[in-house]
Amino acid sequence: MKILIGAFGTRGDVQPMLALAQTLISRGHGVSLAVPPNSVPLARAFGVDAFAVGLDYEEISRRAVNGSFRELASMFPLVRGEVQAQLQALEEPGAAADVIVGSSVCTVGTLLSDLLRKPYLFFAFCPQLFPSGDHPNPSVPWHSWPRWLNRLSWVTHGWLWQAVLLSTINRVREARGLPPTRDVWSSLIGRDPVLASD
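Residues numbered from 1 in each chain as written. Predicted model: local features only at pLDDT ≥ 70, side-chain atom pairs only at ≥ 80, totals over all residues. Heavy atoms only, no water.

> Before we go on, may I ask you to explain the pairing of strand β5 (residues 120-124) in this structure?
The element β5 is extensively covered by neighbouring structure, given that four of its five residues are classed as buried. Pairing analysis gives four bridges linking strand β4 (residues 99-104) to β5, with the strands arranged parallel. Looking at β5, one finds that G102 is bridged to F122. Crossover connection from β4 via helix α6 (residues 109-116) to parallel β5: handedness right-handed. Sheet topology note: the β5/strand β6 (residues 194-195) ladder contains two bridges and is parallel. Bridge pairing in β6 places F123 opposite V194. (Buried < 20%, exposed > 50% of the residue type's maximum accessible area, 1.4 Å probe, protein only. Helix = DSSP H or I, 4+ residues; strand = E, 2+ residues; numbered from the N terminus. Pairing = 2+ DSSP bridges. Right-handed = clockwise from strand over helix to strand, strands pointing away.)

> What's the story with the packing of aromatic side chains in this structure? I'm lost.
The description of an aromatic ring pair uses the distance of the two centres, along with the angle that the planes make with each other. In this structure the tally under the stated criterion is three aromatic pairs. Among the aromatic residues, those joined into a ring-pair cluster are W154, W161 and W185. (Phe/Tyr/Trp six-rings, centres within 6.5 Å; stacked < 30°, edge-to-face > 60°.)

> Would you explain unusual backbone geometry in this entry?
Where the residue is not glycine, phi is negative for most of them; where a peptide bond is considered, it is trans in most cases. Even without being glycine, S104 reaches a positive phi, approximately 50 degrees. With respect to the helices and strands, S104 occurs in strand β4. Residue classification places S104 among the partly exposed residues on the basis of a relative accessible area of 25%. A positive phi is found at R117, a non-glycine position, where the angle reads about 60 degrees.

> Sorry, what's going on with the environment of R11 here?
Within the secondary structure layout, R11 lies in helix α1 (residues 11-26). Separated by 150 residues in sequence, R11 and W161 place their C-alpha atoms 22 Å apart. Sequence-distant contacts of R11, that is, excluding residues within four places in its chain, are made with P16, L42, F46 and E58. (Contact = heavy atoms within 4.5 Å.)

> Even after reading the chapter, I still don't get the pairing of strand β1 (residues 2-8), so can you show me in this structure?
Every regular strand shows the same layout, with side chains that alternate between the two sheet faces. With six of its seven residues buried, β1 lies for the most part within the structure. Taken together, the five bridges between β1 and strand β2 (residues 30-35) define a ladder with parallel strand orientation. Across the sheet, the residue bridging to I3 is V31, located in β2. One crossover worth recording links β1 to the parallel β2 by way of α1, and it is right-handed. Pairing geometry for β1 and β4, over six bridges, is parallel. Across the sheet, G6 pairs through a bridge with G102, a residue of β4.

> I'm lost on the pattern of salt bridges in this one. Help?
If charged atoms from side chains of opposite charge come close, those side chains can pair. Summed over all chains, the structure comprises five salt bridges. Across the pair D114 and R173 runs a salt bridge, and its minimum N-O distance is 2.9 Å. Linking D114 in helix α6 with R173 in helix α7 (residues 147-175), this pair joins segments that are 59 residues apart in sequence. Judged by relative accessible area, D114 falls into the buried class, the value being 18%. (Salt bridge = Lys/Arg side-chain N within 4 Å of Asp/Glu carboxyl O.)

> Whenever I open this one, the environment of A73 confuses me. Can you help?
Here A73 shows up in helix α4 (residues 69-74). Between the alpha carbons of A73 and W161 there is a distance of 12 Å; along the sequence they are 88 residues apart.

> Would you mind going over a nonpolar patch on the surface with me for this structure?
On the surface, W148, L152 and V155 cluster together to form a nonpolar patch covering roughly 330 Å² of accessible area. Of the residues examined, L152 reaches a relative accessible area of 41% and is grouped as partly exposed. (Patch = residues over 30% accessible without salt bridge, like charges linked within 9 Å, V, L, I, M, F, W, Y side chains within 5 Å. Areas by Shrake-Rupley, 256 points an atom, 1.4 Å probe, with all protein chains shown as cover.)

> Got a minute to help me understand the packing of α6 against α7 in this structure?
Each pair of packed helices gets described by two things: the angle between the helix axes and the distance between those axes. Relative orientation of the contacting elements α6 and α7 amounts to 15 degrees, with a least axis distance of 11 Å. Compared by their axis directions, α6 and α7 come out roughly parallel. You can see that α6 and α7 cross each other, and the crossing is right-handed. Residue-level inspection shows T110, L111 and D114 of α6 in contact with α7, the latter providing I169, V172 and R173. (Axes fitted to C-alpha atoms, helices over the stretch in contact; angles between N-to-C directions. Parallel < 35°, antiparallel > 145°, perpendicular 65-115°, else oblique. Left-handed = near helix turned anticlockwise from the far one by under 90°.)

Quick look at the structure:
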């Protein structure tokens with residue numbers, strides 16, 4: 001079986017996908033692994049050939065944590081550009097794959113699945129990626145909020161993702177003859193996400 005893995009994010013997002021790639025390769029499957037440019041040496045150190053796509057998420061994360069709201073907002077165009085960068089890099093290997101796998105900031109997994117009619121699996125490394133009243137959205141560091149406030153945090157989280165990526169994703173979908181998506185977060189985590197955490 002041929003598997004395309006889009007492992008985008010920081011080391012904590014990439015390394016579990018490296019372990020998955022190693023396991024799949026050891027079982028005789030063909031794996032194409034796409035990672036951020038700064039993660040290519042890590043992949044190769046683990047014996048997995050990888051190709052570079054898109055942004056350095058370590059730098060993006062540092063800026064998001066340490067920067068002002070203005071600096072955070074200045075990154076939105078970079079995130080929008082990531083959709084096009086990932087699509088251009090992954091469309092051809094996706095067409096050759098039997099299955100497409102993504103995690104974290106794989107922005108085009110569902111889009112590629114719809115376009116190429118291939119199954120897409122998104123791996124979530126913590127339950128906080130799934131909207132719930134039991135916890136706030138992943139950007140909130142406090143986990144003792146009441147359920148109503150957790151739900152409100154998900155509403156604002158959804159609004160932010162819609163504002164940042166909805167028009168970008170839907171322009172790409174329209175250009176390829178696909179119907180628009182209505183919810184960015186659902187598009188990012190896919191239709192049948194897999195929770196891969198302790």
